[in-house]
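Reading the structure
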Amino acid sequence: MLTERYKQINYCRLSRINPEIENSWKEILNEEFNKPYFHELKAFLVEEKQKHRIFPPGQEIFNAFNSASFHDIKVVILGQDPYHGPGQAHGLCFSVADDVPHPPSLKNIFKELQTDIPGFTTPKSGNLQKWANQGVLLLNAVLTVRAHQAESHRKKGWETFTDKVIETVANERDGLVFMLWGNYARAKSKIIDHKKHLVLESAHPSPLSASRGFFGCRHFSKANEYLNSKNKTPINWHL
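First, a word on what this report is: a plain description of the structure on this page. Every value quoted in this text rests on a predicted model; they were computed, and no experiment measured them.

1. Re the packing of aromatic side chains
- According to the stated counting rule, one finds 21 aromatic pairs in the structure shown.
- The interplanar angle of 90° and the centroid separation of 5.3 Å between the aromatic rings of Trp-25 and Phe-70 together place this pair among those described as edge-to-face. Here Phe-70 lies in the loop between helix 5 (63–66) and strand 2 (75–79) and Trp-25 lies in helix 3 (residues 23–33), a separation of 45 residues in the sequence. Considered together, Trp-25 and Phe-70 belong to a single accessibility category, that of buried residues.
- Seen in terms of ring centroids, Trp-181 and Phe-214 are 5.1 Å apart; in terms of plane orientation they differ by 75°. Their pairing is edge-to-face. Taken together, the positions of Trp-181 in strand 5 (residues 177–181) and Phe-214 in the loop between strand 6 (198–202) and helix 10 (219–229) put the pair 33 residues apart, joining distant regions of the chain.

Written as structure tokens, this is what we have:
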């Protein structure tokens, strides 16, 4: 039941941030968009936008979904929170917009790729859009954040939504690869059927933990080996 605070919100204004999302995802997630928690989430975002700058920009919040249809997803990489600096977040976990310096975790992802994928060289841009366009769902658990305040949009409803995304993808698709880095992402393992999918777990690529299991995990080559075994086109990890 919606609180009085949210009931007072002008829902005509909420329609301005209704999800602009690729049609296959819209069909699958339509029930979620109409649930009370999602209306509360939209109300929260309306209020946030009135008082603060939020990232990523509204048109990029659902970039992970708009980059590939539900039926084209082959790999799922889970992140936690968007980057909260200006110009960084653009709707894909671990990715940054062009001409933005590589954050520490992304630098470590590229280091692992250099040792795992023959010929990989660290790109000038940290934009992972090319992966997303090939069917890599780069999904943060929380899709928005207040500028300069990490985790400021946690426990506002996004986790309910993205858990449903993970559960739906895991239940309705077969032969996918899930990369779970760090304790937060690894906790999602319980909602994924390991018999239907390849679930790869390791430490987080952040400088605090990368040396405790992320470096040397070879998740990228393992993902392609698995996709090949399922007669699926492997991911070209080169950027």
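Now, onward.
2. A short note on the packing of helix 6 (residues 104–116) against helix 10
- Running from amino to carboxyl end, helix 6 crosses helix 10 at an angle of 60°, the nearest separation of the two axes being 8 Å. Relative to helix 10, the element helix 6 is oriented oblique. Contacts from Ile-109, Glu-112, Leu-113 and Asp-116 in helix 6 reach His-219, Phe-220 and Ser-221 in helix 10.
- Here the contact of helix 6 with helix 10 is built from residues that sort into three nonpolar, two polar and two charged.

3. Digging into the nonpolar core
- The biggest cluster of nonpolar side chains holds 71 residues, and the ones touching the most others in it are Trp-25, Phe-65, Trp-158, Phe-161, Met-179 and Trp-237.
- Broken down by element, the residue count for this core peaks at six residues, all from helix 8 (residues 158–172).

4. Things to note about the sheet that holds strand 2
- The parallel open sheet is built from four strands, whose spatial order is 3-2-5-6. The strands lining the two open edges of the sheet, one partner per strand, are strand 3 (136–140) and strand 6. On average, adjacent strands in this sheet sit at an angle of 15° to one another, irrespective of strand direction.
- In terms of strand pairing, strand 2 meets strand 5 through four bridges, oriented parallel. Opposite Ile-77, over in strand 5, you have Met-179 as the bridge partner.

5. Thoughts on the side chain of His-90
- Within the secondary structure, His-90 sits in the loop between strand 2 and helix 6.
- At 2.6 Å, the side chain of His-90 forms a polar contact with the side chain of Ser-95.
- Contacts of His-90, omitting those with residues within four sequence positions, involve Pro-56, Glu-60, Asn-63, Ser-95, Val-96, Ala-97, Asn-127 and Gln-129.

6. Some words on helix 3
- All of the buried residues in helix 3 are Ser-24, Trp-25, Leu-29, Glu-32 and Phe-33. Along the axis of helix 3, the buried positions cluster into a sector of 150°, meaning they face one direction only. Facing away from the buried surface of helix 3 by more than 90 degrees, the exposed residues are Asn-23, Glu-27 and Glu-31.
- For helix 3, the secondary structure elements touched by its buried residues are helix 4 (36–51), helix 5, strand 3 and helix 8.

7. Quick look at the environment of Phe-215
- With respect to the element layout, Phe-215 can be found in the loop between strand 6 and helix 10.
- Along the backbone, Phe-215 and Leu-113 are 102 residues apart, and their C-alpha atoms lie at a distance of 9.3 Å.

8. A look at the pattern of salt bridges
- Per the stated rule, a full pass over the model turns up eight salt bridges.
- A salt bridge links Glu-48 to Arg-146; the shortest N-O distance between them is 2.8 Å. In this pair, Glu-48 is assigned in helix 4 and Arg-146 in strand 4 (residues 145–146), connecting sequence segments 98 residues apart.
- In this structure, Arg-218 and Glu-225 form a salt bridge, with 3.8 Å as the shortest nitrogen-oxygen distance.
- Residue classification places Arg-218 among the partly exposed positions, given a relative accessible area of 37%.
- Given the relative accessible area of 46%, Glu-225 is considered partly exposed.

9. A word on the environment of Phe-70
- Judged by its relative accessible area of 3%, Phe-70 falls in the buried class.
- Expressed as a C-alpha distance, the spacing of Phe-70 and Pro-104, which sit 34 residues apart in the sequence, is 30 Å.
- Not counting residues up to four positions away in its chain, the partners in contact with Phe-70 are Glu-22, Ser-24, Trp-25, Ile-28, Thr-168, Val-169, Glu-172 and Arg-173.

Rules of the game
- Residues numbered from 1 in each chain as written.
- Predicted model: local features only at pLDDT ≥ 70, side-chain atom pairs only at ≥ 80, totals over all residues.
- Heavy atoms only, no water.
- Phe/Tyr/Trp six-rings, centres within 6.5 Å; stacked < 30°, edge-to-face > 60°.
- Helix = DSSP H or I, 4+ residues; strand = E, 2+ residues; numbered from the N terminus.
- Buried < 20%, exposed > 50% of the residue type's maximum accessible area, 1.4 Å probe, protein only.
- Axes fitted to C-alpha atoms, helices over the stretch in contact; angles between N-to-C directions.
- Parallel < 35°, antiparallel > 145°, perpendicular 65-115°, else oblique.
- Contact = heavy atoms within 4.5 Å.
- Nonpolar A, V, L, I, M, F, W, Y, C, P; charged D, E, K, R; others polar.
- Core = buried A, V, L, I, M, F, W, Y, C linked by side-chain atoms within 4.5 Å.
- Pairing = 2+ DSSP bridges.
- Polar contact = N/O pair within 3.5 Å; in protein donor to acceptor, adjacent residues only side chain to side chain.
- Arc of directions from axis to C-beta.
- Salt bridge = Lys/Arg side-chain N within 4 Å of Asp/Glu carboxyl O.

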